[in-house]
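# Observations on chain architecture
Residue strings, one per chain:
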Amino acid sequence: MAKRWVQYVVPVMVEVDVDDAKVTRVVTLPEEVREDRDDMGHFLIYDEQFVRRVGDEQPQVHAFCVAEPQWADHRFRVGGPANWPERWEESFGRLDEDDRYEEISPYDLRQR
């Protein structure tokens, strides 16, 4: 089974207490989610090894269609997309026990 990562942009609002000079809240705005693109306007889609793939080939096109955010009421964008998991991961960092990408350098990989 092929898996693809489709990159999106979700705005984040950061509340700052100016008097104490610290961040007090961080709030995502999933109702304003949009597809991310490179400087040429191409969608950012990656394979299982995080190698960028051409967006107009299968299964990238299928992944892009499946990932498209949909809301419970098509007239209103309220809350997170209904077709996405309710819980989102907070970060996309490499875990200490995850060595799958140890020898992969993103600068050595080329778009296929």
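Described below are features of the structure shown in this document.

### So, the nonpolar core
Among soluble globular proteins, nonpolar side chains are generally buried collectively. Membership of the largest hydrophobic core is limited to nine residues, which are Val6, Tyr8, Val33, Ile45, Ala63, Phe64, Ala67, Trp71 and Trp84. When residues in this core are grouped by element, the largest group, three residues, is from helix 1 (residues 60–67). In this view, Ala67 contacts Val6, Tyr8, Asn83 and Trp84; residues no more than four positions away in its chain are not counted.

### Quick notes on a nonpolar patch on the surface
A cluster of nonpolar side chains, Val12, Val14, Val16, Val18, Val23 and Val26, forms an exposed patch at the surface whose accessible area comes to about 540 Å². With three residues, the single largest contributor to the nonpolar patch is strand 3 (residues 12–17). One can find Val26 in strand 4 (residues 22–28).

### Brief notes about the pairing of strand 3
Alignment of strand 3 against strand 4, held across six bridges, turns out to be antiparallel. Counterpart to Val14 in the pairing with strand 4 is Val26.

### Description of helix 1
Among the residues of helix 1, Gln60, Ala63, Phe64 and Ala67 are the ones counted as buried. In an axial view of helix 1, the angular spread of the buried residues amounts to 100 degrees, which keeps them on one side of the axis. On its buried face, helix 1 sits against strand 1 (5–6), strand 2 (8–9), strand 5 (34–35) and strand 6 (45–46).

### Here we look at the packing of aromatic side chains
Here the distance between the centres and the angle between the planes together describe a pair of aromatic rings. All told, the structure shown has three aromatic pairs when counted by the stated rule. Ring geometry for Phe43 against Phe64: centres 4.3 Å apart, planes inclined by 35 degrees, an arrangement best described as tilted. Of this pair, Phe43 sits in the loop between strand 5 and strand 6 while Phe64 sits in helix 1; the two residues are 21 residues apart in sequence, bridging distant segments of the chain.

### A look at the pattern of salt bridges
Side-chain pairing between opposite charges can occur once the charged atoms of the two side chains come close. Using the criterion set out here, one finds four salt bridges in the structure. Note that Arg4 and Glu48 form a salt bridge whose closest N and O atoms lie 3.3 Å from each other. Taken together, the residues span a long stretch of sequence, with Arg4 in the segment before strand 1 and Glu48 in the loop between strand 6 and helix 1 at a distance of 44 residues. For the salt bridge of Arg53 with Asp47, the shortest nitrogen-to-oxygen distance reads 3.2 Å. Using a relative accessible area of 3% as the deciding quantity, one classes Asp47 as buried.

### Notes on the side chain of Gln60
Looking at the secondary structure, you find Gln60 in helix 1. A relative accessible area of 1% means that Gln60 is categorised as buried. A polar contact of 2.9 Å, which involves the side chain of Gln60, links it to the backbone oxygen of Val54.

Conventions used here
- Residues numbered from 1 in each chain as written.
- Predicted model: local features only at pLDDT ≥ 70, side-chain atom pairs only at ≥ 80, totals over all residues.
- Heavy atoms only, no water.
- Core = buried A, V, L, I, M, F, W, Y, C linked by side-chain atoms within 4.5 Å.
- Buried < 20%, exposed > 50% of the residue type's maximum accessible area, 1.4 Å probe, protein only.
- Helix = DSSP H or I, 4+ residues; strand = E, 2+ residues; numbered from the N terminus.
- Contact = heavy atoms within 4.5 Å.
- Patch = residues over 30% accessible without salt bridge, like charges linked within 9 Å, V, L, I, M, F, W, Y side chains within 5 Å.
- Areas by Shrake-Rupley, 256 points an atom, 1.4 Å probe, with all protein chains shown as cover.
- Salt bridge = Lys/Arg side-chain N within 4 Å of Asp/Glu carboxyl O.
- Pairing = 2+ DSSP bridges.
- Arc of directions from axis to C-beta.
- Phe/Tyr/Trp six-rings, centres within 6.5 Å; stacked < 30°, edge-to-face > 60°.
- Polar contact = N/O pair within 3.5 Å; in protein donor to acceptor, adjacent residues only side chain to side chain.

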